[in-house]
Amino acid sequence: MKRIKWLLFLLALGISTILIFKDNETKPSKATGIEQKKDVPLPTELHPVVKERSDQLVQQAAKIGIVVLITDGFRSIEEQNTIYEQGRTAEGNIVTNAKGGESYHNYGLAIDFALETPSGDVVWDRQYDRNQNGKSDWSEVVKIAKSLGFEWGGDWKDFKDYPHFQMDFGLTIADLQNGQRPDESANVAESK
């Protein structure tokens, strides 16, 4: 009888240990509301490859007379939620369908851009031709970005996000929310 009690005790101890471990595996963050894997922090800046390719984009565009401004890169969950509310519960036009934790910006994998005119104005005019070569500067920047491994939001079927570039490294938003991250040393942004 002692042996059965001892086995039941060990079984109960094992089950409670498993439940405690399982409970601590993922927890919703009070600040973000998204479920985050334990010990997998959210990024706080652009992924090194995205940063490097963003710099290359700006440099390559400059070589053909186009001034590209990176207007946004890494975005916190809180910043994303504020932008999401724009045009909904806050003034302005809707500019995103992604809540906090649902954007590649929140994981340091996306940038937004604009063009600069000779007078220093910032424009999002997709027909603008600063270098006067008969081609839209916007389309030239998109072509450069794609050659660097970026996906362009203007190619999306549902919600067109023309100033947006991202590198997903083969990871979905669900993968990122579940704690997966691209390798920091990756030098190639894989496309799906």
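Below you will find a few notes about this structure. Everything quoted here is computed from the prediction, not taken from an experiment.

Some points on the overall build of the protein
- A count of helices and strands for the protein gives five helices and seven strands.
- For the protein, the N- to C-terminal ordering of α and β elements is α-β-β-α-β-α-β-β-α-β-β-α.
- Of all 192 residues assigned to the protein, the portion counted as buried reaches 35%.
- Counting only contacts in the protein whose residues sit at least 6 apart along the sequence, the fraction spanning at least 24 positions is 56%.
- Summed over its atoms, the accessible surface of the protein is roughly 11800 Å², and 55% of this surface lies on carbon and sulfur atoms.

Considering unusual backbone geometry
- The backbone of Q132 shows a phi angle near 50°, a positive value even though the residue is not glycine.
- With respect to the helices, strands and loops of the structure, Q132 is situated in the loop between β5 (122–123) and α4 (137–147).
- Unlike most non-glycine residues, F169 shows phi in positive territory, near 50°.
- Looking at F169, the relative accessible area reads 11%, which means it is buried.

Description of the pairing of strand β4 (residues 110–116)
- Across the seven residues that make up β4, a large majority, six, are buried.
- Judged from the four bridges that link them, strand β3 (residues 68–72) and β4 form a sheet pairing that is antiparallel. The partner of L69 across the bridge, within β4, is A114.
- Bridge count between β4 and strand β7 (residues 164–166): three bridges; the pairing is antiparallel. Looking across to β7, one finds that D112 is bridged to H164.

Parameters at a glance
- Residues numbered from 1 in each chain as written.
- Predicted model: local features only at pLDDT ≥ 70, side-chain atom pairs only at ≥ 80, totals over all residues.
- Heavy atoms only, no water.
- Helix = DSSP H or I, 4+ residues; strand = E, 2+ residues; numbered from the N terminus.
- Buried < 20%, exposed > 50% of the residue type's maximum accessible area, 1.4 Å probe, protein only.
- Contact = heavy atoms within 4.5 Å.
- Areas by Shrake-Rupley, 256 points an atom, 1.4 Å probe, with all protein chains shown as cover.
- Pairing = 2+ DSSP bridges.

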